[in-house]
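Residue-level listing of the chains:
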Amino acid sequence: YIHSYFPANMATSIVRQQVLELYHGSNPEAKKLADNQLQQFQATPQAWQIAQELMGDSEASVQFFGAQTVYNKVQRVAKGYDALEDAQLKVAAGTIQQHILNPSLSMQ
């Protein structure tokens, strides 16, 4: 589980490792643990920023998880389950727009 006291770059690295374990690992128990930890991570406020960083990763499965996390968070806000600060929305929208307008950013 990604704690709020981790520096963002360290947390991003940990999340990336868990995503790779989930999608590419061979140990079923490790995959289940990674899935549980990633689900907990997606519920944290830090997930907004880290997910955006993951969308710029070179690995497609990491990009996918980042995009899926942003999508899930937007859905939770739209349904009224979570609150959203304007700053978070502006940053997320800007990052998503950059990836849509310049798909080559995702392929680096």
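Before reading further, recall that the structure is shown in the block above.
Residues numbered from 1 in each chain as written. Predicted model: local features only at pLDDT ≥ 70, side-chain atom pairs only at ≥ 80, totals over all residues. Heavy atoms only, no water.

(A) Representation of the pattern of salt bridges in the model. All told, the structure shown has one salt bridge when counted by the stated rule. A salt bridge links Asp57 to Arg16; its shortest N-O distance comes to 2.6 Å. In this pair, Asp57 sits in the loop between α3 (47-54) and α4 (60-78) while Arg16 sits in helix α1 (residues 8-24), placing the two residues 41 residues apart along the sequence. (Salt bridge = Lys/Arg side-chain N within 4 Å of Asp/Glu carboxyl O. Helix = DSSP H or I, 4+ residues; strand = E, 2+ residues; numbered from the N terminus.)

(B) Main features of the packing of helix α2 (residues 28-42) against α4. It is the contact of α2 with α4, at a shortest axis distance of 10 Å, that shows an interaxial angle of 45 degrees. By the criterion of interaxial angle, the relationship of α2 to α4 is oblique. For the pair α2 and α4, the crossing hand works out as right-handed. Residues Leu38, Phe41 and Gln42 of α2 lie in contact with α4, whose contacting residues are Phe65, Gln68, Thr69, Asn72 and Lys73. The residue makeup of the contact of α2 with α4, split by class, is three nonpolar, four polar and one charged. (Axes fitted to C-alpha atoms, helices over the stretch in contact; angles between N-to-C directions. Parallel < 35°, antiparallel > 145°, perpendicular 65-115°, else oblique. Left-handed = near helix turned anticlockwise from the far one by under 90°. Contact = heavy atoms within 4.5 Å. Nonpolar A, V, L, I, M, F, W, Y, C, P; charged D, E, K, R; others polar.)

(C) Representation of α3 within the structure. In terms of burial, α3 is a largely internal element, six of the eight residues being buried. Among the residues making up α3, those that are buried are Ala47, Trp48, Ile50, Ala51, Gln52 and Leu54. (Buried < 20%, exposed > 50% of the residue type's maximum accessible area, 1.4 Å probe, protein only.)

(D) Spatial organisation of α4. Taking 1.5 Å of rise per residue, 19 residues should cover 27 Å, and α4 covers 27 Å from first to last C-alpha, within 8% of that figure. Within α4 the residues assigned to the buried category are Ser61, Val62, Gln63, Phe65, Gly66, Thr69, Val70 and Lys73. (Expected span 1.5 Å × (residues − 1).)

(E) Fine view of the nonpolar core. Listed in full, the 12 residues of the largest apolar core are Ala11, Val15, Val19, Leu22, Ala34, Leu38, Phe41, Ala47, Ile50, Leu54, Val62 and Phe65. Put simply, the parts of the chain that give this core at least two residues each are α1, α2, α3 and α4. With four residues, α1 is the largest single contributor of residues to this core. Ignoring sequence-local partners within four residues, the contact set of Leu38 consists of Val15, Gln18, Val19, Leu22 and Phe65. (Core = buried A, V, L, I, M, F, W, Y, C linked by side-chain atoms within 4.5 Å.)

(F) Looking closely at the environment of Gln68. Relative to the helices and strands, Gln68 is located in helix α4. Residue class for Gln68 comes out partly exposed when judged on its relative accessible area of 30%. Look past the residues within four positions of Gln68 in its chain and what remains in contact with it is Tyr23 and Gln42.

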